[in-house]
Amino acid sequence: TDTSYRQSARPVFGRRGPERKSPVHVGISYEFHQTTVCSIPGVETAVILPCAKSVASRRISMATLYVSPHSDDFRSQLVLIAAQFSAPKPALGKGVPSGQGLPCLVLSDGLVLSGALAVAWYLCPERLTGMELKEASLIRQWLSFAENEVTPVACGAAFPLLGVLNTNNQTADRARSELRKVLGFLDAHLKLRTFLVGERVTLADVAVASTLLLPFKYVLEPGLRKSLMNVTRWFETCVNQPQFRQVLGKVALCEKAVPVQPKPSSAPAAPTSSGHVQPSAAAPPKTEAQLKKEAKKKEKLEKFQQKKDMEQKKQQQQAQTEKKNKPEKKEKKDLGVITYDIPTPPGEKKDVKCPMPDSYSPQYVEAAWYPWWEKQSFFKPEYGRKDLSQPNPKGVFMMCIPPPNVTGSLHLGHALTNSIQDSLTRWHRMRGETTLWNPGCDHAGIATQVVVEKKLWKEQGKNRHDLGRDAFIAEVWKWKNEKGDRIYHQLRKLGSSLDWERACFTMDPKLSYAVQEAFVRMHEEGVIYRSKRLVNWSCTLNSAISDIEVDKKELTGRTLLPVPGYKEKVEFGVLVSFAYKIEGSDEEVVVATTRIETMLGDTAVAVHPEDPRYQHLKGKTVHHPFCDRKMPIVFDDFVDMSFGTGAVKITPAHDHNDYEVGLRHDLGFINILDDNGLLINVPPPFLGMKRFDARKSVLQALKDRGLFKETKDNPMVVPVCSRSKDVVEPLMKPQWYVDCSEMGRQAAQAVRSGELKIIPETHLKTWFNWMDNIRDWCISRQLWWGHRIPAYFVTVNDPSVPAGEDTDGKYWVSGRTEEEAREKAASLFGVSADKISLRQDEDVLDTWFSSGIFPFSIFGWPNETQDLQVFYPGTLLETGHDILFFWVARMVMMGLKLTGKLPFKEVYLHAVVRDAHGRKMSKSLGNVIDPLDVVTGITLEGLHAQLVESNLDPLEVERAKQGQKSDYPSGIPECGTDALRFALCAYTSQGRDINLDVNRILGYRYFCNKLWNATKFAIRGLGDDFKPKERAQLSGQESLVDRWILSRLCHAVELCDSGFKSYDFPAVTTAIYNFWLYELCDVYLECLKPVFAGSDTVAMAVSRETLYTCLDVGLRLLSPIMPFVSEELFQRLPRRSAQAPLSICVTPYPEATEFCWRSEEADGQMEFVMTIVRTIRSLRADYNLTKTKADCYLQCLDQNTATMVQLYCPQIQTLSSSGAVVALTTQPVPEGCAVAIASDKCTVNLVLKGLIDAEKEIAKLSTKRGELQKQIEKLQERMGKSDYREKVPQKVQEGDAEKLKQSQTELQKVHEAIENFKKML
């Protein structure tokens, strides 16, 4: 029997797992609207509580929480963490409520809720307990798992080390073994998941992580944690969440599992002044008697540890001796690297007639396909169409790529964007639409100029001024032609189906002409104008920069920051107070500033009009201490009376708020900085100083004059240039601006009217906030690389015309050529053209200006080209939500302004990619990953080498190396393009950040291997001579499993169709994953084995048609997301007709109208069969019948059930690996069976008699029973003593109660097992 396709592709839930579909009660629905008796997982007694969230919220605010003071009481820590998520938070009580165990919650009306899980559930908001029924159900199952499976083994392993439980070595080893089993299951579950349920922290994570605190702190040594990589990563992610850290602080993981001193009782939390839960202070000091007692105990523990070490040494020696006698087991072979070595010229079709390799290998599968796709023109909208101008009844889909910077290389954020865009493009193409995904690249003015200047300095020791403008631009073009295509190579490697013949660069002549035309038209209409205003200025770049190029560095107080051009770090985050003397009196006004050097440009002091402290100063002035400048005291509403002294210094030329005050009060604007950050327009000795050197000098001068008051820490935000890392200065500069008021109003109205749709709608508030409060847009940049502004300053050589100033817009004209500009100027001033002298502006346009017209400039606008008529407006704009304003809004505004049309109908904004710990991608953290490193794999040393080659400083390099070592201790394994794309689409959730774990991507490589082996098995089953029918249709002879798998296939088609239409990519990936893995591979292919091995030719033929349909349709469903592996496998299948498309990427996507064989009857019957199968598998696992096929008797409630069971006995037998399967109604069941209830109509009886040694099992269990009875008697005797409650610490009492409950439960199970085995004798 072939089982190659069953190689592991996902974590499988074992008998402990929450997806076990056995008839075990794990909790009931929690949707209550009145006071209700409810059952809560892990709580034996029913409690009365109203579960309507609004009522619960009110009651929590008046509730009191009681917890154990012990620092290792994980149940109390669980409740305290849950309380951190609660809003409002409960108060924390002292002591123990009468007759109650801890933890417990006393509600305002006196009702008491006890039990950790019950209290936690009540405290947590709905987002933690499940927003939907399915999610809530899974969370409840995990709570049951935490209580019933994790808690016993966690305590059993940790308590002996804590001195809470006295056990022998054998018992302790068994406890640790059980713990490893539970953690192994968890590790497998978390292999493809960041959290237990969904993509965020839920109460499931809080409960299980809290239960595992003791093992991670005291039991799990580094070596063991390394073997449990996924569960360790998950645990560290949980305990580093803010709510966990608030309660636990930093959790120190176990270094060596040795007995530890019992920790003193210290309240893990204490109430604040408001009475709410917060972390607590340390415990009270120990007495001398306590210290002596602990010293004796420590001495005993040391002796115990020495004895234990000796025993371990003996065991190791014995193990080594045994190992020599036993043959070594072969290690499980990893998926190896297989390469495609058949010579195939670029563009020629890959050889698919050769035998399929044994396993999936990305290098083999991804070879040769992309050049063939390109050569066949599959990605061009003209493919399959005679004339683009002829309407396509199926429609047109057009999307342009967000043009990446020419300097850049792809990171995982780009990979997410392109995975989504390519999946959508391929889906639309397969639907028969005229499809164009247009590539392009942005010239990235500042970034490119910086890169080339660094290169020049490194290689030639020259800067751009040494070369001159023309020569420098020639150097940039040379660099672009040599290095600028790297990002296109990466896009090809990712399988992006772009029409490369239409690729555009924003500095190409076609696009440059469009930029020029746009500027001239908008300038002629007065929408573009010139003005002198404050801009974000980078002294290092000597240029204004856009808001998106300003990083806001948040400081909590005094901080020293490195600044380019300064040897020593510069102080920020302090507030300096000093005084201005009132003119003509001894009074003074105290003001404060974080930029003391700017006081040299002060022209006023402002106070609030209603501030009573300063009413007597109306009309007064203050005297500047360093120059003969009298500055008025102005009254303005913008001043905050409660901040500082209520008086504010005003520097209109160097602060955005002060600029507005200066305009309102007609103040002087004194610019004290030149383009390089040197002081100008100031008195000696400050004249010519560097700005931050002047900071120290001004402060000292104020002290010398007795005007300095104080310096204190001040939280602030420092604006830093993202390109140069220089501190950004607000500076007055004459610049070109776009009047955005009317364009912004139109853009907002387009969304309000529904003409433009933004998905998800959570971004609408941001859109309207920006559009309704939009400011004019500065489009000048003081660079050389970019689109030089086509505007000219006019000098008229005629005495009758006065000379103009640079800031006067009347003396500026625009033109497509200098001659056109000259004619405009001559006409404007009424003189002949020969009297006009022109000087073109040296500045270039903001890069976002050319990006703003990208959707139509790529098609030749302003010329009326065929592409512009067919593809503009586009269909969709897909990008990250972080550039909604900087790019999306500007495209909408400029499209409406210049073409009268919206550039696209819909905007889909995907989430921002973060690392597995939720951190923003940052080079200094070492978590910025090149997607090609995920595709091909890279060693840890390779990752380190990339850091060394980057421009990080040495300290940041070391920090980043530590981050890489932590996250990728063995490097990044080869995952392949398909697995990366599938993982990114599976992660995508509308409107949320994505915490991407590279280990999950590897899980999808195993999924590819599953696809590979399943198709390989299926092709063998179809046979060499198989020829499918011309169209997929039912014959009427299909078996139940045939009809069921076709029904599930149709369901998958429906889900994929609706998922793509609604941009719900996780729904698409889940539907495909579930169909291939859980339905086709796990069930249908297993059921086919006896069919193909049998002699029923009709059943065999029907099954082959069904199997082919599943493969054909399943691969087509997969193709948009996994293009390479779907193409490779599709090409190896026979075709339904000779006229079939050449490639899967141009084969029709399955439609729900064609595949309409949903059958609720077949689904229901098969679900009944699978319930029985799962129950049998669970019993087999309980009794470790991994290889033995036991007979199975199914006791049915009625004859109808028995008839159905009898009908499906072959499927049950195959899927459950059983011997004979017999349906019974009234007949007696043979003795010696294990029993489990599958449903209310069927009970499973698995024959164990003869398969196991019953007498031996009874003997072992009898010994166990005796031990348990002694333990219970000893505990009951101890707990029954009259002074037990008063003398024994609460923590020990709780431990005793837990041990008693656990022992009694275990004893009951032993009794049942003995009785069962006795029946077999």
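Just so you know, these numbers come straight off a predicted model, no measurement behind them. (Residues numbered from 1 in each chain as written. Predicted model: local features only at pLDDT ≥ 70, side-chain atom pairs only at ≥ 80, totals over all residues. Heavy atoms only, no water.)

A.B. asks: Even after reading the chapter, I still don't get the pairing of strand E18 (residues 574–582), so can you show me in this structure?
C.D. replies: For a regular strand, side chains alternate in direction, first toward one face of the sheet and then toward the other. Of all nine residues in E18, eight are buried, a share of seventy percent or more. Note that E18 and strand E24 (residues 708–713) share five bridges and pair antiparallel. When the bridges of E24 are listed, Val-576 appears paired with Thr-711. Strand direction decides the pairing type here: E18 and strand E19 (residues 588–593), joined by six bridges, are antiparallel. If you follow Phe-578 over to E19, its bridge partner there is Val-591. As judged from the two bridges shared by E18 and strand E21 (residues 621–623), these two strands associate in the antiparallel manner. Within the sheet, the bridge partner assigned to Ile-582 lies in E21 and is Val-622. (Buried < 20%, exposed > 50% of the residue type's maximum accessible area, 1.4 Å probe, protein only. Helix = DSSP H or I, 4+ residues; strand = E, 2+ residues; numbered from the N terminus. Pairing = 2+ DSSP bridges.)

A.B. asks: Got a minute to help me understand the side chain of Gln-241 in this structure?
C.D. replies: Locating Gln-241 in the fold gives a position in the loop between helix H10 (229–239) and helix H11 (242–248). Judged by its relative accessible area of 19%, Gln-241 is buried. Every residue in contact with Gln-241, bar those within four places of it in the chain, is listed here: Phe-195 and Val-201. (Contact = heavy atoms within 4.5 Å.)

A.B. asks: What am I meant to see in the packing of helix H7 (residues 203–211) against H10 here?
C.D. replies: Geometry of a packed helix pair, given as the angle between the helix axes and the separation of the axes. Two numbers describe how H7 lies on H10: the axes approach to 10 Å, and their chain directions differ by 105 degrees. Comparing their axes, H10 and H7 come out roughly perpendicular. Only Trp-234, Phe-235 and Cys-238 of H10 make contact with H7, whose side of the interface consists of Asp-205, Val-208 and Ala-209. Grouping the amino acids of the contact of H7 with H10 by side-chain chemistry returns five nonpolar, no polar and one charged. (Axes fitted to C-alpha atoms, helices over the stretch in contact; angles between N-to-C directions. Parallel < 35°, antiparallel > 145°, perpendicular 65-115°, else oblique. Nonpolar A, V, L, I, M, F, W, Y, C, P; charged D, E, K, R; others polar.)

A.B. asks: What is the right way to read a positive patch on the surface from this model?
C.D. replies: A cluster of like positive charges, contributed by Lys-553, Arg-723, Lys-725 and Arg-959, occupies part of the molecular surface. Relative to the elements of secondary structure, Lys-725 occurs in the loop between strand E25 (716–721) and strand E26 (729–738). A relative accessible area of 49% places Lys-725 in the partly exposed class. (Patch = residues over 30% accessible without salt bridge, like charges linked within 9 Å, V, L, I, M, F, W, Y side chains within 5 Å. Areas by Shrake-Rupley, 256 points an atom, 1.4 Å probe, with all protein chains shown as cover. Salt bridge = Lys/Arg side-chain N within 4 Å of Asp/Glu carboxyl O. Lys, Arg positive; Asp, Glu negative; His and termini not counted. Charge placed at Lys NZ, Arg CZ, Asp CG, Glu CD.)

A.B. asks: Can you help me understand the state of the cysteines in this one?
C.D. replies: Note on terminology: disulfide describes a covalent bond linking the sulfur atoms of two cysteines. Scanning all chains against the criterion turns up zero disulfides. Take Cys-1192: it sits in no disulfide, and the sulfur closest to it among the cysteines is that of Cys-1242, at 8.0 Å. (Disulfide = S-S within 2.5 Å.)

A.B. asks: Please clarify how helix H29 (residues 884–899) should be interpreted in this entry.
C.D. replies: Given 3.6 residues per turn, any residue in an α-helix points the same way as the ones three and four places further on. With 16 residues, H29 should reach 22 Å at 1.5 Å per residue; the first-to-last C-alpha distance of 21 Å fits that figure. Counting buried positions along H29 yields 14 of 16 residues, so the element is predominantly enclosed. In the stretch just after H29, Gly-900 is the one whose phi turns positive, near 75 degrees. (Expected span 1.5 Å × (residues − 1).)

A.B. asks: So what exactly am I meant to see when it comes to the sheet that holds strand E4 (residues 91–92) here?
C.D. replies: Hydrogen bonds between backbone groups are what pair the strands of a sheet, and the pairing can be parallel or antiparallel. Here four strands make up an open sheet; going across it, the order is E4-E3-E5-E6 and the pairing mixed. Each of the sheet's edge strands pairs with one partner strand only, and the pair in question is E4 and strand E6 (112–114). As defined by bridge partners, strand E3 (residues 64–66) adjoins strand E5 (residues 104–106) across three bridges and the pair is classed as antiparallel. Following the sheet pairing, Thr-64 is matched in E5 by Val-106. Most of the contacts of helix H3 (residues 116–123) go to E6, to which it runs at about 120 degrees, and overall it touches E3, E5 and E6.

A.B. asks: Just checking my understanding: could you explain unusual backbone geometry for this structure?
C.D. replies: Backbone phi values are negative for most residues with the exception of glycine, while trans is the configuration of most peptide bonds. The omega torsion of the bond from Ile-759 to Pro-760 falls at -5 degrees, within 30 degrees of zero and hence cis. With respect to the helices, strands and loops of the structure, Pro-760 is situated in the loop between strand E27 (757–759) and helix H24 (764–772). Phi is positive for Ala-368, which is not a glycine, with a value near 75 degrees. The class of Ala-368 is partly exposed, set by a relative accessible area of 22%. Unusually for a residue other than glycine, Asn-681 sits at a positive phi of about 55 degrees.

A.B. asks: Mind showing me how you'd approach the environment of Thr-1109 here?
C.D. replies: Mapped onto the elements, Thr-1109 comes out in helix H37 (residues 1097–1118). Using a relative accessible area of 5% as the deciding quantity, one classes Thr-1109 as buried. In sequence terms Thr-1109 and Pro-1028 are 81 residues apart; their C-alpha atoms lie 8.6 Å from each other. Ignoring sequence-local partners within four residues, the contact set of Thr-1109 consists of Ala-1032, Leu-1046, Leu-1049, Gly-1114, Arg-1136, Phe-1155 and Trp-1157. Within the structure, the side chain of Thr-1109 is placed 3.2 Å from the side chain of Arg-1136, a separation counted as a polar contact. (Polar contact = N/O pair within 3.5 Å; in protein donor to acceptor, adjacent residues only side chain to side chain.)

Spatial relationships are all this shows, so hold off on functional conclusions.
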